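Descriptive structure summary
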Amino acid sequence: IPPSSKVDTYLMLKVCEKTITFNSLIGIESVYWRKPSIIIGRRVYEKLNCIYKPKNHEDVMRLVFNKKLKPKFLSDGLTNNDKKKIIFIPHFVL
């Protein structure tokens with residue numbers, strides 16, 4: 001969805017079961033919205049343990065069709081010391 005689109009990505013996040021993204025920041029935003037995030041391709045945040053990064057097509061399909069896929073959280077891959085260094089500034093959707 002291009003930035004200039006009239007599609008409301010936050011509304012989509014609100015109602016979706018999970019997100020599947022390629023080269024988009026919506027993948028990390030979906031973590032904030034507590035949605036399972038599957039990323040295909042390379043992203044700056046790909047090494048964080050808060051997203052699903054399938055290794056091949058079979059993994060992608062397994063994740064996509066898994067009705068019980070649980071969201072991961074940013075804190076899942078961080079030590080307690082790392083958590084103390086992070087400051088979250090939530091945004092609000094009106």
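Each remark here, short or long, concerns the structure printed above.
The structure reproduced in this document is the subject of the present report. (Residues numbered from 1 in each chain as written. Predicted model: local features only at pLDDT ≥ 70, side-chain atom pairs only at ≥ 80, totals over all residues. Heavy atoms only, no water.)

**Looking at the environment of Ile20**
In this fold, Ile20 is placed in strand β1 (residues 19-22). On the accessibility criterion, Ile20 (44% relative accessible area) is partly exposed. With 17 residues separating them in the primary sequence, Ile20 and Ser37 have C-alpha atoms 6.2 Å apart. Not counting residues up to four positions away in its chain, the partners in contact with Ile20 are Ile38, Ile40 and Val64. (Helix = DSSP H or I, 4+ residues; strand = E, 2+ residues; numbered from the N terminus. Buried < 20%, exposed > 50% of the residue type's maximum accessible area, 1.4 Å probe, protein only. Contact = heavy atoms within 4.5 Å.)

**Details of the nonpolar core**
Counting residues in hydrophobic clusters, the biggest one holds five residues: Val31, Ile39, Tyr45, Cys50 and Ile51. Not counting the four nearest positions on each side in its chain, Ile51 is found in contact with Gly27, Val31, Ser37, Ile39, Tyr45, Glu46 and Lys72. (Core = buried A, V, L, I, M, F, W, Y, C linked by side-chain atoms within 4.5 Å.)

**Considering the pairing of strand β2 (residues 37-40)**
When β1 meets β2, the two strands line up parallel, connected through four bridges. The partner of Thr19 across the bridge, within β2, is Ser37. Taken together, β1, helix α2 (residues 26-32) and β2 form a β-α-β motif whose crossover is right-handed. (Pairing = 2+ DSSP bridges. Right-handed = clockwise from strand over helix to strand, strands pointing away.)

**A closer look at helix α3 (residues 57-64)**
Those residues of α3 that fall on the buried side of the exposure criterion are Asp59, Val60 and Leu63. Taken around the axis of α3, the buried residues stretch over an arc of 100°, which confines them to a single face. Away from the buried face of α3 by more than 90 degrees, exposed residues His57 and Glu58 are located. For α3, the secondary structure elements touched by its buried residues are β2. In this structure Asn56 caps α3, since a side-chain oxygen of it lies 3.2 Å from the backbone nitrogen of Glu58. (Arc of directions from axis to C-beta. Polar contact = N/O pair within 3.5 Å; in protein donor to acceptor, adjacent residues only side chain to side chain.)

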